[in-house]
Number of protein chains: 2
Amino acid sequence: MKKHQTTIIDIAKELGISKSTVSRALTGHPSVHEQTRDKVLQLANELEYQRNMFSIGLMKRASRTLGIIVPEFSRSFFPQLIIGAQERAKEAGYNLIISQSDESYETEVSNARVMLAHQVDGLLISITRETNNFDHLKLFQRKGIPIVFFNRVCDEMIVPKVIVEDYEGAFAAVEHLIARGKRKIAHLSGPESLSICKRRKAGYTAALAKHNIAFDEDLVVHYDLAINKVKFYINYFLNLKERPDAIFCINDPTAIEAIQLIKKTGLAIPGDIAVIGFSNDFASSIIEPALTTVEQPIKEMGRTATQLLLDQIDRDVANWKAPTVVLKTQLIVRDSS
Amino acid sequence: MKKHQTTIIDIAKELGISKSTVSRALTGHPSVHEQTRDKVLQLANELEYQRNMFSIGLMKRASRTLGIIVPEFSRSFFPQLIIGAQERAKEAGYNLIISQSDESYETEVSNARVMLAHQVDGLLISITRETNNFDHLKLFQRKGIPIVFFNRVCDEMIVPKVIVEDYEGAFAAVEHLIARGKRKIAHLSGPESLSICKRRKAGYTAALAKHNIAFDEDLVVHYDLAINKVKFYINYFLNLKERPDAIFCINDPTAIEAIQLIKKTGLAIPGDIAVIGFSNDFASSIIEPALTTVEQPIKEMGRTATQLLLDQIDRDVANWKAPTVVLKTQLIVRDSS
DNA sequence: CTGTTAGCGCTTTCAT
DNA sequence: ATGAAAGCGCTAACAG
């Protein structure tokens, strides 16, 4: 199958007028005779003319395309976020190229390369759990292509970021556990390299402090978010001399896995051990007992990140102060606590 | 922020050689002096040169980009499928532009337009539950851009398709229910317009027939897949004079919703009513009782569809017989039946 | 092995 | 209101 594209030249030839006039008519330029424009538009329609993005891109040095790189999308979080981003992009007349890095640093670098090759006008990114080096992203800055981080952000780069109230959310979750009478509250956290984990842990610690509960090193564990390893850490918690009476998990998939594991041991949730997650993923209301969790506005995060990106693209900003937008979180109390 | 692109011309000038030589060196053309090539490659690297897809696309009339349009991706099915598609595309040196039509025909048409504007070399698509008119897709054929349907296919277009053994899967599911002693088996199906639903229904009907169970019109309901309407149909089933003792649902989200609703009424699953889904989504092993379902090879479907698309792109086929690939399904028996 | 030339399809001056 | 011409960055002939 060979593609045949209807071009402006075809239309011009057919109508016996110049290419430039056709171009003007097609782009809605005012200085075109109405009759001429109508004729052009009609013929273009008949021939199913489609503007060639390559030549336009070549001329304008802009693709009107944004890129988004997410670490994974097997769980509902990132797909939902992408829906928000896509909505906002579309409203603004931009398209979105999506790619997922599968929690692999290498793939992330390769995806970034693809985005560059596709001449995206801007990049949205949430980094993998492995990403420690940011050269591939700094390259965008050097090339003058704006970046916005969301969810998992990079602290060392000064660009706009969208995060949620991780600290406050974690604080509220732990305070809620305390209100339920729990005192030995464990925290199953993610990689220490992710700032999101640091903030949630800080909220956890602060809530304990406020209520005069001693911070116990043994009750906090960091893991790499590989879901199949959760069993190891849950076992660890359950076998402690003084078993924790609650576990605050870094995210919903972790919490859901934890619940399934704990149920198998015969322990009662939340009686023996309460469990709390973070994010309010779809599955959290399905599991039994239904998961108490900290809801974050996922779609909104996608929209906001996209907006911040558009702001940078439109504005011709030399010393633009990169904002960090912090979205609200809300504790959803269900049956697991 | 204004983009500055390093171009081949920059490199040529810097090195005092011709653009074509630079181009040849960069594209790995054999007829370039090794020294020259090394110099070019090194400088390109230093200057962080990035090929401009626009000019290449303009020249080659190909974008090395595939498009994929899915009806939604809030559930895990399509994201997983996309992962498979992306894998295969990447292996073949293609990029993938993803868009989701939100189960809206209008959005699907608009997304198709976007794909066209982006000059995709081929399109993968699973239609929305609303799509009855296929003009927007036939346009691709007219333009010589290959299409492959997957999952939700269009019967009236003769293009490659990837589906699963819907009939066989449904047959196995219903036969399993019969083996469990169920006799009044209901079927909550999707829109009659989707061939996928027709095939599953046919499997259902055939299994009943094989075991001499009369087909009961009242036990089959079609709905539009809007998940919040499931309660209406479940209620209908539960209030029938002779309540069904099993429900075969068109997909896992429907089945999961059904289980939640049935549990609220106090009926026992599977004792009073067994429930079976289709697809083996992530959530199906989380719900309690765990959902019996027909597993389909989701990632594989994405890979296969992509391969069929690549086949069409590479081959210069006038009268290429469009294949329909049918992937295996497998019944996963869990606790809901 | 390397350079020259001529476009790909479009927009954008600059004329008229 | 329209046309002519130049060129975006690259590659593919065709020469040497």
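The shown structure was predicted, so the numbers you read here are calculated from the model rather than taken from an experiment. (Residues numbered from 1 in each chain as written. Chains lettered and ligands numbered in written order. Predicted model: local features only at pLDDT ≥ 70, side-chain atom pairs only at ≥ 80, totals over all residues. Heavy atoms only, no water.)

A.B. asks: Looking at this model, I keep getting lost on the overall build of chain A. Mind explaining?
C.D. replies: The number of helices and strands found in chain A is twelve helices and twelve strands. Here the C-alpha atoms of chain A give a radius of gyration of 26 Å, more than 25% beyond the 20 Å that 2.2 N^0.38 yields for 337 residues. Structurally, chain A occupies a C-alpha span of about 90 × 40 × 35 Å along its principal axes. If you take every contact in chain A between residues at least 6 apart in sequence, the share linking residues at least 24 apart comes to 72%. With an accessible surface of roughly 14,600 Å², chain A has 49% of that area assigned to carbon and sulfur atoms. Of the side chains in chain A, 42 bear a positive and 40 a negative charge, and the two mean positions are spaced by 4 Å. (Helix = DSSP H or I, 4+ residues; strand = E, 2+ residues; numbered from the N terminus. Rg over C-alpha atoms; globule rule 2.2 N^0.38 Å. Contact = heavy atoms within 4.5 Å. Areas by Shrake-Rupley, 256 points an atom, 1.4 Å probe, with all protein chains shown as cover. Lys, Arg positive; Asp, Glu negative; His and termini not counted. Charge placed at Lys NZ, Arg CZ, Asp CG, Glu CD.)

A.B. asks: Sorry if this is basic, but what is going on with the interface of chain B and chain A here?
C.D. replies: A common measure of how large an interface is: the accessible area buried when the components associate. Contacts between the two partners involve 63 residues from chain B, matched on the other side by 63 residues from chain A. Summing the contributions of chain B and of chain A, the shared interface buries around 5,500 Å²; its carbon and sulfur component is 54%. On inspection of chain B and its partner chain A, the count reaches four salt bridges. Two residues, arginine 142 of chain A and glutamate 48 of chain B, come together in a salt bridge whose shortest N-O distance is 2.0 Å. Remark: the boundary between chain B and chain A carries 13 residue pairs in polar contact (both at pLDDT 80 or more). Put simply, the parts of the chain that give the side of chain B that touches chain A at least two residues each are helix H4 (53-60), helix H5 (77-91), strand S2 (95-100), helix H6 (105-117), helix H7 (135-142) and helix H11 (252-265) of chain B. For the side of chain B that touches chain A, the element with the highest residue contribution is H6 of chain B, accounting for seven residues. Here the residues of the side of chain B that touches chain A sort into 25 nonpolar, 23 polar and 15 charged. (Buried area = accessible area lost by both parts, 1.4 Å probe. Salt bridge = Lys/Arg side-chain N within 4 Å of Asp/Glu carboxyl O. Polar contact = N/O pair within 3.5 Å; in protein donor to acceptor, adjacent residues only side chain to side chain. Nonpolar A, V, L, I, M, F, W, Y, C, P; charged D, E, K, R; others polar.)

A.B. asks: Is there a simple way to think about the UniProt feature "domain: HTH lacI-type" (unreviewed entry) in chain A in this case?
C.D. replies: Summarizing the sequence annotation, UniProt attributes the feature "domain: HTH lacI-type" (unreviewed entry) to residues 6-60 of chain A in the numbering used throughout. Spanning residues 6-60 of chain A, this segment combines 67% helix with 0% strand, and its end C-alpha atoms are found 21 Å apart. (UniProt positions renumbered as here; feature names shortened; annotations may be inferred.)

A.B. asks: Would you mind showing me how to read the nonpolar core here?
C.D. replies: In a soluble, globular protein the nonpolar side chains are often hidden away together inside. Residues Ile68, Phe149 and Phe150 of chain A together with Ile68, Phe149 and Phe150 of chain B are the most contacted members of the largest nonpolar core, which totals 195 residues. Among residues more than four places away in sequence, those in contact with phenylalanine 149 of chain B are Ile125, Ile127, Leu137, Cys154, Met157, Val159, Pro160, Lys161 and Val162 of chain B. Of all hydrophobic cores here, the second largest spans ten residues; its members include Ile8, Val32, Val40 and Tyr49 of chain B. (Core = buried A, V, L, I, M, F, W, Y, C linked by side-chain atoms within 4.5 Å. Buried < 20%, exposed > 50% of the residue type's maximum accessible area, 1.4 Å probe, protein only.)

A.B. asks: Can you help me understand H7 of chain B in this one?
C.D. replies: Think of an α-helix as turning once every 3.6 residues; residues three or four places apart then point the same way. Residues and elements named next belong to chain B. Where H7 is concerned, the buried positions are His136, Leu137, Leu139 and Phe140. Angularly, the buried residues of H7 cover 145 degrees about the axis, an arc narrow enough to put them on a single face. For H7, the elements touching its buried residues are H6, strand S3 (122-125) and strand S4 (147-150). Positive phi appears at glycine 144, one or two residues downstream of H7, with a value of about 80 degrees. (Arc of directions from axis to C-beta.)

A.B. asks: Looking at this structure, I do not really get the environment of glutamate 300 of chain A. What am I missing?
C.D. replies: Among the structural elements, glutamate 300 of chain A can be located in helix H12 (residues 298-314). Take glutamate 300 of chain A: its relative accessible area is 39%, and that puts it in the partly exposed class.

A.B. asks: What's the story with the protein's contact with DNA strand D in this structure? I'm lost.
C.D. replies: The environment of DNA strand D is formed by 25 residues, the closest being Arg24 and Arg61 of chain A together with Ile8, Ser23 and Tyr49 of chain B. Within 4 Å of the protein, the atoms of DNA strand D are drawn from sugar and phosphate moieties in a proportion of 66%. A distance of 2.6 Å separates a phosphate oxygen of DNA strand D from a polar atom in the backbone of isoleucine 8 of chain B. Taking serine 55 of chain B, its side chain carries an N or O atom lying 3.3 Å from a sugar or linking oxygen of DNA strand D. The leading source of residues in the surface near DNA strand D is H4 of chain B, at four residues. When grouped by side-chain class, the residues that make up the surface near DNA strand D number eight nonpolar, twelve polar and five charged. (Near = heavy atom within 4 Å.)

A.B. asks: Quick question: what am I supposed to make of the relation of the copies chain B and chain A here?
C.D. replies: The second copy of the chain is related to the first by a rotation about an axis and a shift along the axis. Rotating chain B by 180 degrees about the axis while translating it 0.1 Å along that axis superimposes it on chain A, leaving an RMSD of 0.2 Å. Here the two chains are linked by the operation of a two-fold rotation axis. Taking the C-alpha atom as reference, chain B places phenylalanine 54 of chain B closest to the rotation axis, 2.1 Å from it. Here 100% of the interface residues in chain B have copies in chain A that are interface residues too; the copies meet face to matching face. (Least-squares fit on C-alpha atoms with pLDDT ≥ 70 in both.)

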